[in-house]
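Residue-level structural notes
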Amino acid sequence: MDRTLAADLARLPDLLDATRRAAAEALATLDERAVVPDAPKPTDRDPEPLPEQGCGTETALAAFRARWEPRLSASAGPRYLGFVTGGATPAALAGDWLTAAHDQNSNSSMDGAGQDLERETVGWLRELFGLSDAHTGTFVSGATMSNTTGLAIAREWLGERLGVSPAEDGAAALGPVRVLSGAPHSSIAKALSFLGLGRSSLVRVPTLPGREAVDPAALDRALADTPGPAVVVANAGTVNTVDFDDLPAIAALRARHDFWLHTDAAFGAFAALSPEHAHLTEGLDAADSVCVDLHKWLNVPYDSAVQFTRRRDLQARVFQNAAAYLGPLGEHPDLVHLTPENSHRLRALAAWFTLCAYGRQGHREIVERNIAGARALGAALEEDPAFTLLAPVRLNVVCFTLADAPDPARLTALREAVSAEVFVTPTVHEGTAGLRAAFSNWRTTQADVHRAARALRTAAREIA
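I will try to describe carefully the structure that is included in this document. (Residues numbered from 1 in each chain as written. Predicted model: local features only at pLDDT ≥ 70, side-chain atom pairs only at ≥ 80, totals over all residues. Heavy atoms only, no water.)

On to the overall build of the protein, then. In terms of regular secondary structure, the protein is built from 15 helices and eleven strands. Against the compact-globule benchmark of 23 Å for 464 residues, the protein has a radius of gyration of 24 Å, which places it among compact chains. Along the first, second and third principal axes, the C-alpha atoms of the protein reach 65 × 65 × 45 Å. Within the protein, the proportion of its 464 residues that are buried is 49%. In the protein, of all internal contacts separated by at least 6 residues, the share reaching a separation of at least 24 is 72%. Of the roughly 20600 Å² of accessible surface on the protein, 55% is carried by carbon and sulfur atoms. With 43 positive and 57 negative side-chain charges, the protein shows a separation of 2 Å between the mean positions of the two kinds. (Helix = DSSP H or I, 4+ residues; strand = E, 2+ residues; numbered from the N terminus. Rg over C-alpha atoms; globule rule 2.2 N^0.38 Å. Buried < 20%, exposed > 50% of the residue type's maximum accessible area, 1.4 Å probe, protein only. Contact = heavy atoms within 4.5 Å. Areas by Shrake-Rupley, 256 points an atom, 1.4 Å probe, with all protein chains shown as cover. Lys, Arg positive; Asp, Glu negative; His and termini not counted. Charge placed at Lys NZ, Arg CZ, Asp CG, Glu CD.)

Scanning the model with the defined rule gives eight aromatic pairs in all. On the numbers, 4.7 Å between centres and 35 degrees between planes, the contact of Tyr80 with Phe423 is tilted. Here Tyr80, found in the loop between helix H3 (57-67) and helix H4 (90-102), pairs with Phe423, found in the loop between helix H14 (408-417) and strand E10 (425-429); they are 343 residues apart in sequence, far enough to count as distant. Both residues of the pair, Tyr80 and Phe423, count as buried. Where Phe129 meets Phe270, the ring centres are 5.0 Å apart and the plane angle is 85 degrees; that geometry is what we call edge-to-face. Of this pair, Phe129 sits in the loop between helix H5 (114-128) and strand E1 (136-140) while Phe270 sits in the loop between strand E5 (259-264) and strand E6 (289-293), and the two are 141 residues apart along the sequence. Phe270 sits in the buried class, given a relative accessible area of 0%. Within the aromatic cluster, the residues linked to one another by ring pairs are Tyr80, Phe83 and Phe423. (Phe/Tyr/Trp six-rings, centres within 6.5 Å; stacked < 30°, edge-to-face > 60°.)

No statement about biological role is implied by the geometric values presented.
Rendered as structure tokens:
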């Protein structure tokens, strides 16, 4: 064994303790750190050469803390309001550390209980979101991969309807494909490109006036325009304004049209936890496949999401893998046969920990506190003549802009001016440039809302 590696092994408990102290110090200073640090000097971006002789973990930890840690954003903190980013609850963090310590590839039934733990966790999530036992689920890396997996199953369903198998014969066997949606997330087009269906297969359907929700009547007409099997992507929480399609109305269209219903509920599925907002997710169970991102509102570390489907048989047909060292396909396929990944870390453990530790009630409290925070920030900005809301605060996202000359340059200046206090992301809504503040972090309180509002107001006046 390499001498430095052997020395680290001998001191492993001490090294883990030093790492624990470094992590605890980083988390303890989240409130004081700049949410987004100043950009480094160009010379600081130059990579260092690979060391020929290693320095050991203790020295590497010191080098990381000196060179890299000060340049990392406080994305685990309460005022990082970009990208619908959650943090990691204490229990989720513990689960993630143990995930690395046990280092399971949980794809095979021949190797321990990892698959059983994942299936139990998926069952808890299914119950949390109000899905029936008809849905089976598997962990994937994020919403993009969850949407891709759901659409891959939809692609095979199209083949089943047409008497071919894209998994065997290729996507070209389907001929032209239509994927209809009102306000699809950008990952949908990316998935269609990846799956060989093509970005041009995505058909934008008109939305309701002043909304991002699809117009069910327009969808009905679009489905009738070209008879034959199609795919509909419904939205349970759009990224800009958290608008929800009328899921029961869309599902009802299947009485007249033949289509696969995929619902992108990346973070909107968590509305099911709040009694005041649970009606938004009615009809979610009717979907043939569902995407939910967990490193958003479940507050588990990156990367983690889950995909659900009613057609596990088609899922296995797409992703089945044949090798003597892999587990069987069978009636209950090993996870290796259900996603694009052969290597599948035990992502479920962090989710299992946080659900076990805080239960439905604890996660409901996070969701409702975040919603209250979004409402409070929206109200504060609406009262200030320097700002205009681009959409109502429907759930946990505030979509806003400058009332005077909301051009991208001024909005960039505003965003950069407040970056030490609060991080928001740029957007465009109905042709108007704006900014988004997304609340999903378990640490965020009303005090953070006040700090964010104060920073935005001050910066707006300085820019004016």
